[in-house]
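Coordinate inspection notes
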Amino acid sequence: MTTDEKLGQLVQAAGGRSKNLNSRLTPEELDRVRRGAVGSYLHVAGAEPLAALQEVAVNEGPHGIPLLFAMDVVHGYRTIFPVPIAMASTWDPDDWQRAAAISADEATSAGLHWTFAPMVDIARDGRWGRVVEGAGSDPYLGSLMASAQVRGFQGEDLASNKTMLAATKHFGAYGAATGGRDYGAADISDRTLNEVYLPPFYAAAEAGSGSFMTAFNDVAGAPTTGNEALVDGVLRDRWGFDGMIVSDWNAIAELMNHGVAATRAEAGALALKAGIDMDMTSGIFGAELADAIAADPSLMADLDNAVGRILTTKERLGLFDDALAYNDASREAETLMSPEFRQASRDIAARTVVLLKNENAVLPLPVDGEQNIAVIGALADDQLTQLGSWRAQGHADDVVSILDGIYDAAPEGATVSYEPGADTKTANAEDIAAAADLAAASDIVLLVIGEDFDLSGEARSRSDISLPASQKQLADAVFAAGKPVIVLLVTGRPLAIPEIDEQAEAVLNTWMLGVEAGPAVADIVFGQKSPAGRLPIDFPRATGQSPITYSELPSGRPADADLSKDSNRYIDRPITPLYPFGHGLSYASFDYGTPTVSAANVAPDEAFTISVPVTNTSDRDAEEVVQLYMRDPVASVSRPKLELRGFERVFIPAGATSTVSFTLTPAQAAIYAGDGDWQIEPGDLIFSIGASSADLKGSVSVNVTGSASTRIPAAAIPTKVQVQ
Ligand code: BGC
């Protein structure tokens, strides 16, 4: 290959815009393909149009090298699933794996090879709009959700035309943006980077993620797109990742804005040296990098490595055997939105719903007797919002709204009436008054409030994560009507809603649930299913509590409810979150027995098992999420108050008892010691089991009898779970 041909492989061009796919595939663009000036396209789709494009590359381009077609297939392609923060609320990685596999089946039928997912950024700051795209605040939960998605997208065989290449993003600390402002600096310690932000990336690499995408932002002043120590150093050298790395959109050019490169050529050289193989849309690798290589011939070796990794990736996808394997239009027509996929979306959506409050067991609503149900809030009828911020080829018309779900499922004898009241942007007095009148005339109100799809997502950070003003106004008027109100929260982020919690009888967090939002919500509201979703992130009481995590360090003066003590707290709020990490109620009730441990003393390499019996003490079959937290009370450095180290969503029939056993090793408590080393320290570890991070039922302690070192991020090591 000539240098220009090699450089062409590194170029990823936009074949369209995310909401106007294929729109840039002009005759001039096809000439670029003929010249071999492009290696990959994003924002393209369709078995037929992509076959036509691929034919140009393989029949007319130099060496017949196939193109790689990519899209953000994040939580569905045509059959849209719940947004990722909701998917994490299932606390069941198998749900994610199944949704990702279905998404891959659909997307590959439409000619795509590569998705920009999973997004595994840890987020502890609800102000950050992209909190909607990840698995929340916890590195252990995040690691399990990351590897499940990789397995789902890539399947057993990447060369199959039903599986697609994953791009785990945005490596390494995009979620730590200062103040929750998107693209902002991550000013974090090496310990926090390694213990909190990197483990899900490690887990994805272990699961075989074929590619990674680097983050826009910097870590401690080093923009990741040009950070050789992080990209080549950690991902490739330390972890042994041998796949392809793509920059984020225009991020190579943005190295100049960061102030680490003066020219486009310098920016290109920095990124190539750091280990970036493919340039998403900045055009620098295709244009100015040639000059940089001429000026510094040592870059040729980096270029060869990058081309090698890109061609190997195309080979892994099977494209050199059959470049058109993903382009069967009849398969596309049969696959998209099949009834089976819709059903899967509905089942999974119901599994994501989190019951935050349920006073006097007002939910589920009775299925007999006469009742006037008011559905209030424009979000109830907003189909587009249910698709979330990455909707791929999702159609708003495919969505069954919450309102239609309630209409369809309402039991005989019930009357359902609807008033929009207010949308998320505007409230007018007349509409709000109509909503309040309807509330007053009803027996029970389902108040659907929160954020629309456009209030979270990329570049959608908010300085105030309470309800939008119009939603507050609507809620005030409805509460004033004096009827029991059940709030159905629609949101892509944790919201600070203490006034809602105080006034509502029940609060059901429904996130944004995809095409089957309405039926899924109705299944829970009318009790066809018992809710068992759990929060993957704390909900603060006020924006000012952000960032917030149950897993913070204790401080020398731990937060104390007693205000007369000087402690690690705000004086104007309780010390607790509004809804803690792991929280979620059920229609059933569960009793936790005393946990036991298989050994009181263990060597650093010895496994031990912690077991707990859990009894469903209600008369309804239901699922419970049994959670295991760890604390290292005395170590060489201060350790988090609690760290999640195991969980299982278990189905327990009414009156039955299940015993859940977690098998761990001391490596799961190892402490980051720098340069990729993890130290297992001797001493006690306390393990607590409970129904949330703030509802621990019992503890056991295990003494680690010696020290040892490992190389594996502790939070990325999965605990083995058995249920009997
Ligand atoms: C986002 C990425 C996304 C890319 C391509 C960027 O703006 O940060 O997450 O994959 O666009 O759409």
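What comes next is a walk through the structure. (Residues numbered from 1 in each chain as written. Predicted model: local features only at pLDDT ≥ 70, side-chain atom pairs only at ≥ 80, totals over all residues. Heavy atoms only, no water.)

1. Comments concerning the nonpolar core
Of all hydrophobic cores here, the largest spans 77 residues; its most connected members are Ile376, Leu447, Val487, Ile500 and Val525. Split by domain, this core shows at least three residues from each of two domains, domain 1 (70-333) and domain 2 (337-540). Those residues in contact with isoleucine 500 that lie beyond four places of it in its chain are Ile449, Leu467, Ala475, Phe479, Val487 and Val507. With 66 residues, the next largest nonpolar core counts Leu10, Ile122, Val234 and Ile252 among its residues. (Core = buried A, V, L, I, M, F, W, Y, C linked by side-chain atoms within 4.5 Å. Buried < 20%, exposed > 50% of the residue type's maximum accessible area, 1.4 Å probe, protein only. Domains from an automatic or database assignment. Contact = heavy atoms within 4.5 Å.)

2. A word on the site of the ligand
Taken together, 14 residues lie near the ligand, and Asp72, Arg130, His170, Asp248 and Glu458 sit nearest. Measuring from an oxygen atom of the ligand, one finds a side-chain N or O atom of histidine 170 at 2.7 Å. Here the ligand has 310 Å² of accessible area as a free molecule, and 95% of this is covered by the chains. Of the residues contributing to the shell around the ligand, the split by class is seven nonpolar, two polar and five charged. (Near = heavy atom within 4 Å. Polar contact = N/O pair within 3.5 Å; in protein donor to acceptor, adjacent residues only side chain to side chain. Areas by Shrake-Rupley, 256 points an atom, 1.4 Å probe, with all protein chains shown as cover. Nonpolar A, V, L, I, M, F, W, Y, C, P; charged D, E, K, R; others polar.)

3. Looking at the layout of surface pockets
By volume, the second largest pocket amounts to about 570 Å³. In terms of lining residues, the second largest pocket is bounded by 27 residues, among which Ser18, His43, Asp72, Trp390 and Glu458 are the most central. When grouped by side-chain class, the residues that make up the lining of the second largest pocket number 11 nonpolar, six polar and 10 charged. (1 Å grid on protein atoms, 1.4 Å probe; cavity = no way out; pocket = protein on both sides within 12 Å on 5 of 7 lines; lining within 4 Å. Points joined across faces, edges and corners; volume = space filled by probe spheres on them.)

4. Quick look at the sheet that holds strand β26 (residues 683-692)
Strand order in the open sheet formed by five strands is β19-β27-β26-β21-β22, and the pairing between neighbours is mixed. In this open sheet, the two strands that pair with only one neighbour each are β19 (601-602) and β22 (643-652). (Pairing = 2+ DSSP bridges. Helix = DSSP H or I, 4+ residues; strand = E, 2+ residues; numbered from the N terminus.)

5. Points about the packing of aromatic side chains
Taken as a whole and judged by the stated rule, the model has 19 aromatic pairs. Ring pairs connect the aromatic residues Trp91, Tyr140, Tyr550, Phe581, Tyr629 and Phe647, which therefore count as one cluster. Against the face of phenylalanine 453 rests arginine 391, its NZ or CZ located 5.1 Å from the ring centre. (Phe/Tyr/Trp six-rings, centres within 6.5 Å; stacked < 30°, edge-to-face > 60°. Lys NZ or Arg CZ within 6 Å of the ring centre and 35° of its normal.)

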